[in-house]
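Residue-level listing of the chains:
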Amino acid sequence: MASTPHLALVGLMGAGKTTVGARCAEGLGRPFVDTDDVIEATLGLSVPGIFAALGEPGFREHERRAVADVCASPVPLVIACGGGAVLDPENRARLRDTSLVVWLRADPSALAERVADEVANRPLLRERGASATLARLDVLRAPAYEAAAHVTVDTDGRSVDQVVEAVIEELARCDA
Ligand code: S3P
């Protein structure tokens, strides 16, 4: 890992990567980037628009570039990674080399509640229903999150403040 690593948050949709990441960035005085925002800004399209125009493979290609770009920043960042970014071995290796990677874990039922109002922005949740899809992705992706992450922070039953505190403690431990 780099000497002053980025802080990268990974986990399923609804895990709180963006909310927790923005708050951690504020607390740490670091810039915050969300890989989905980088991709949207590059292409001038929303995530659903990119899925519609290029399909998931096209989105993943741009996601790989976005992960490479943000990881290459000389300034230590807080990075919220799109939920599927860690499926790519190249992304996992890059993130692990440059960042403290924290998996924000949550039960799929809690995730489904959290994303209830934002399903429209998440193409993967639209088709078969958020609950069933998140339960399936939880099983399929757990090995990739585990392989990517240096540490896991459980978010079930914890407030955003408590999760932010736990993540910042992990970073402090790794800096020490
Ligand atoms: C995805 C998660 C989304 C976004 C895209 C695909 C995924 O990001 O990258 O819809 O495959 O889990 P969030 O995890 O920030 O919702």
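Report follows, based on the coordinates. Quantities reported herein were computed from a predicted structural model and do not represent experimental measurements.

Right, let's get into the environment of Ala 132. With respect to the helices, strands and loops of the structure, Ala 132 is situated in helix H7 (residues 130-148). Sequence separation of Ala 132 and Ser 109 is 23 residues, and the distance between their C-alpha atoms is 9.2 Å.

It is worth spelling out the pattern of salt bridges at this point. This structure, assessed with the given rule, holds 11 salt bridges. When the shortest N-O distance is used, the salt bridge between Asp 156 and Arg 105 registers 3.0 Å. Separated by 51 residues along the polypeptide, Asp 156 in the loop between strand S5 (151-154) and helix H8 (160-175) and Arg 105 in strand S4 (residues 99-105) bring together distant segments of the chain. In this structure, Arg 122 engages Glu 118 in a salt bridge whose closest nitrogen and oxygen atoms are separated by 3.0 Å. Here Glu 118 falls in the partly exposed class, since its relative accessible area comes to 36%. Look at the salt bridges and you will find they share partners, linking Arg 105, Asp 107, Asp 154 and Asp 156 into a network.

Inspection of the entire model under this criterion finds 2 aromatic pairs. Ring geometry for Phe 51 and Phe 59: centres 4.9 Å apart, planes at 40 degrees, overall tilted. Each member of the pair, Phe 51 together with Phe 59, is buried. An angle of 25 degrees between the planes, with centres 5.6 Å apart, marks the rings of Trp 103 and Tyr 145 as stacked. Of the two residues, Trp 103 is situated in strand S4 and Tyr 145 in helix H7; the sequence distance between them amounts to 42 residues.

So, about the environment of Leu 12. Within the element layout of this structure, Leu 12 appears in the loop between strand S1 (6-10) and helix H1 (17-28). Taking the C-alpha atoms as reference points, Leu 12 and Arg 158, 146 residues apart in sequence, are found 17 Å from one another. Setting aside its immediate chain neighbours within four residues, Leu 12 contacts Lys 17, Leu 111, Leu 134, Leu 137, Asp 138, Arg 141 and Tyr 145.

Basis of the calculations
- Residues numbered from 1 in each chain as written.
- Predicted model: local features only at pLDDT ≥ 70, side-chain atom pairs only at ≥ 80, totals over all residues.
- Heavy atoms only, no water.
- Helix = DSSP H or I, 4+ residues; strand = E, 2+ residues; numbered from the N terminus.
- Salt bridge = Lys/Arg side-chain N within 4 Å of Asp/Glu carboxyl O.
- Buried < 20%, exposed > 50% of the residue type's maximum accessible area, 1.4 Å probe, protein only.
- Phe/Tyr/Trp six-rings, centres within 6.5 Å; stacked < 30°, edge-to-face > 60°.
- Contact = heavy atoms within 4.5 Å.

By themselves, these figures tell us nothing about what the structure is for.
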